[in-house]
Amino acid sequence: RAAPQERRRRVAPLAAAPAARAGDEPLLRGIFEIGKRSCDVVLSARRLRWSPILPESPTGDSSVALQAQEEIIEMKDVFAVKLKLRRFAGQKKGGTLLGITIFKCLNKEENKLTDCAIHLNNLSEDHCQSWFRHLKEILNGFHNRPKSLKVFVNPSSHKREATHVYYEKVAPLFKLAGIKTDVTVTEYEGHALSVLKECELQAFDGVVCVGGDGSVSEVAHGLLLRAQLDAGKDTADVSEPVRAPVPLGVIPAGTTNVLAHTLYGIKHAVTAALHIVMGHIQAVDVCTFSTPSKLLRFGFSAMLGFGARTLALAEKHRWMPSSQRKDFAFIKTLADLKPEECELSFLPLQIPQEDGQEKDRKKKGRTKKGSKDQWQKIQGHFLNVSIMAIPCLCSMAPRGLAPNTRLNNGSMALIVVQNTSRTEFIKHLKRYTSVENQFNFPFVETYTVQEVKVQPRLKSGPDAKENMSLNGASAEGNYPWNIDGDLMREASEVHVRVHPQLIDLYGVNTDDLESSQAMCNCI
């Protein structure tokens, strides 16, 4: 006869799978203590599932056992597995084996990700080692997940918090996931660019930048510039650039963090790190900014006019604290509001025309889409000109600076704000912070384009010097551009092209992208 305690306990039968699929076949089955309850645990290539071992009914009725709640972890959500050891104080190696700990990526509210641990306790070393090996083999099969990363940390970003953010919040997750890192703490502007030109990129699965928009822009530019050099491309001719060799990860540690907000929907270092660890990769469009003779920059967005002059003024007051400097520059530029005189030539997005579309094109504040290979030209006085290949979300613009574009649809948003009164311009700016359409003004026009040529018109005469000072232009007549939060000055014509899916960014998996696009389509 079975012992009384053995007769009173039975393993609850696991729920049958609705249909046999590849990867659902059991690899291992065993007993572990989970949450102080003995559980029957089954591992397949796709998931880990368990149910508690319940006491048997005295009457032999199995209905109690059938009520056991089965729990499931999808293996695609697991990013690390460790042997659980008990060590004495000061002991660094060895220890008493207690079981296995599985680390899972957990989705929380508002696009936030976090990590959680599930402990599978069992004192049998052979049992745990067998399970540990199988779990590691499954995790090693996720080939998009990086094993080695080159990391750039900008210690001067925002409130000088990037170093703390990386070493306290990000590095522990990378170590837990078994990712090797090579860290460069940048010491000057252009440092990351110099390192990227010389380092052995083939030794890494990806590059990570911890900093603000300017730091990320520099690293993205460096990655793409390195790709052109390795391919033997002439950087003076970038009409058909080659893709970046490895993905780029963005850990937000700046003020605005436009690219991080666009990728994750939130400024949260742990969320960003977990997207990198999990290998969530999304191809993203990139712009080239060039003159007739040279490449100026790879980037995602740019502004000429108010957005650029505000940045130029803020850069002149670097001695001020970050938030005060930007508030001062914004208010001062708004007080001295002056239009930019320039000529814009653009090639509208080439798409098939539909009935009734011509009527919609003529409405102010609506996206205008032109016919095939037809360059259009407008010139005049503009308070601001924005050219954006991504939506550019941030906390101050929850819908995005360019909500009608996408991360990888092969087009740019050209947003032109004509000269108007300061009062009307402020109304336009306030719309960015709300859910209202910021383009629904008679002085705002938007276009969906593939290429843009911008030619500022330099003034001459007795008022030219005063106008240059107000507009942020230098004595040489170079007008400021704000490219991804970096200041650039250029006097000649700037040619902007969009290049579809030129770089892979860690941060958006397919499901997240579909849901975010559906949300944008509903706006």
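In the annotation of an unreviewed UniProt entry, the protein is listed under the name CERKL protein and assigned to Rhipidura dahli.

**Student:** Looking at this structure, I do not really get the packing of helix α5 (residues 191-198) against helix α6 (residues 213-230). What am I missing?
**Tutor:** In helix packing, the relevant descriptors are the interaxial angle and the interaxial distance, both defined with respect to the helix axes. α6 packs onto α5 with a crossing angle of 25° between their chain directions and a minimal axis gap of 9 Å. Our classification of the angle between α5 and α6 gives roughly parallel. Of the two elements, α5 crosses α6, and the hand of that crossing is right-handed. Mapping the contact onto sequence places H191, A192, L193, L196, K197 and E198 in α5 and E218, V219, H221, G222, L223, L225 and R226 in α6. Class assignment for the residues of the contact of α5 with α6 results in six nonpolar, three polar and four charged.

**Student:** I tried to follow the packing of aromatic side chains on my own but got confused; where do I start?
**Tutor:** Each aromatic ring pair is described using two quantities: the centre-to-centre distance and the angle formed by the ring planes. For the structure on display, the rule yields eight aromatic pairs. Aromatic side chains F32 and W131 sit 5.0 Å apart centroid to centroid with 80° between the ring planes, which places their arrangement in the edge-to-face category. Of the two residues, F32 sits in strand β2 (residues 26-34) while W131 sits in helix α3 (residues 125-140), which places them 99 residues apart along the sequence. The pair F32 / W131 is uniform in exposure class, with both members buried. With a centroid separation of 4.5 Å and 45° between ring planes, the pair formed by F346 and Y447 is classed as tilted.

**Student:** Honestly, unusual backbone geometry in this entry has me stumped. Any pointers?
**Tutor:** Trans is the common state for peptide bonds, and a negative phi is the common state for residues other than glycine. Non-glycine residue N257 carries a positive phi angle of around 55°. Relative to the elements of secondary structure, N257 occurs in the loop between β12 (248-252) and α7 (258-264). Exposure remark for N257: the relative accessible area of 2% places this residue in the buried category. Residues other than glycine seldom take positive phi values, yet Q501 does so here, at roughly 50°. For Q501, the location among the structural elements is in strand β23 (residues 494-506).

**Student:** What should I look at first to understand the environment of P292 in this one?
**Tutor:** Here P292 lies in the loop between β13 (281-290) and β14 (295-299). Measuring from C-alpha to C-alpha, the distance between P292 and E493 comes to 7.4 Å, with 201 residues separating the pair along the chain.

**Student:** What is the right way to read the environment of P339 from this model?
**Tutor:** Residue position: P339 is located in the loop between α10 (322-335) and β16 (340-348). The buried category is assigned to P339, whose relative accessible area is 17%.

**Student:** Explain the environment of P146 here, please?
**Tutor:** Topologically, P146 is positioned in the loop between α3 and β9 (148-153). With a relative accessible area of 4%, P146 lands in the buried category. For the pair P146 and G279, spaced 133 residues apart in sequence, the C-alpha separation works out to 6.5 Å.

**Student:** Which parts of the structure should I look at to understand the side chain of T333?
**Tutor:** By the secondary structure assignment, T333 is in helix α10. T333 gets classed as buried once you look at its relative accessible area, which sits at 7%. T333 has contacts with F306, R309, T310 and L313, leaving out every residue within four places of it along the chain.

**Student:** Even after reading the chapter, I still don't get α3, so can you show me in this structure?
**Tutor:** The α-helix winds at 3.6 residues per turn, so residues separated by three or four positions along the chain end up facing the same way. The terminal C-alpha atoms of α3, which comprises 16 residues, lie 22 Å apart, in line with the 22 Å expected from a rise of 1.5 Å per residue. Within the span of α3, buried status applies to C128, S130, W131, F132, L135, I138 and L139. On its buried side, α3 packs onto β2, β3 (37-44), β4 (47-55), β6 (78-86) and β7 (96-107). With a side-chain oxygen lying 3.2 Å from the backbone nitrogen of H127, the N-terminal cap of α3 falls on S124.

**Student:** Got a minute to help me understand the pattern of salt bridges in this structure?
**Tutor:** Pairing is possible between side chains of opposite charge, provided their charged atoms come close. Summed over all chains, the structure comprises 17 salt bridges. When the shortest N-O distance is used, the salt bridge between E424 and K427 registers 3.2 Å. Taken as a pair, E424 and K427 lie in helix α12 (residues 422-431) at a separation of three residues, close to a single helical turn. Residue class for K427 comes out partly exposed when judged on its relative accessible area of 44%. Overlapping salt bridges, with partners in common, bring together D24, R46, R47 and E74 in one network.

**Student:** Is there a simple way to think about the packing of helix α9 (residues 306-315) against α10 in this case?
**Tutor:** Where α9 meets α10, the closest approach of the two axes is 8 Å, and the angle between their N-to-C directions is 130°. Between α9 and α10, the crossing angle belongs to the class labelled oblique. At the point where α9 passes α10, the crossing takes the right-handed sense. In this structure, α9 contributes F306, R309, T310, L313 and A314 to the contact, and α10 contributes R325, F328, A329, F330, K332, T333 and L334.

**Student:** Is there a simple way to think about α5 in this case?
**Tutor:** Within α5, the full set of buried residues consists of H191, A192, L193, V195 and L196. In this structure, the buried side of α5 is in contact with β9, β10 (180-185), β11 (206-211) and α6.

**Student:** Teacher, can you tell me more about the pairing of β12 here?
**Tutor:** Look at any regular strand and the pattern is simple: side chains alternate between the two faces of the sheet. Counted residue by residue, β12 has five buried out of five residues, so it is predominantly covered. By the alternation rule, side chains of β12 split into L248, V250 and P252 and G249 and I251, which are all buried. Pairing analysis gives five bridges linking β11 to β12, with the strands arranged parallel. Directly across from V210, in β12, lies its bridge partner I251. Remark: the β11/α6/β12 crossover connection has right-handed handedness.

The rules we used
- Residues numbered from 1 in each chain as written.
- Predicted model: local features only at pLDDT ≥ 70, side-chain atom pairs only at ≥ 80, totals over all residues.
- Heavy atoms only, no water.
- Axes fitted to C-alpha atoms, helices over the stretch in contact; angles between N-to-C directions.
- Helix = DSSP H or I, 4+ residues; strand = E, 2+ residues; numbered from the N terminus.
- Parallel < 35°, antiparallel > 145°, perpendicular 65-115°, else oblique.
- Left-handed = near helix turned anticlockwise from the far one by under 90°.
- Contact = heavy atoms within 4.5 Å.
- Nonpolar A, V, L, I, M, F, W, Y, C, P; charged D, E, K, R; others polar.
- Phe/Tyr/Trp six-rings, centres within 6.5 Å; stacked < 30°, edge-to-face > 60°.
- Buried < 20%, exposed > 50% of the residue type's maximum accessible area, 1.4 Å probe, protein only.
- Expected span 1.5 Å × (residues − 1).
- Polar contact = N/O pair within 3.5 Å; in protein donor to acceptor, adjacent residues only side chain to side chain.
- Salt bridge = Lys/Arg side-chain N within 4 Å of Asp/Glu carboxyl O.
- Pairing = 2+ DSSP bridges.
- Right-handed = clockwise from strand over helix to strand, strands pointing away.

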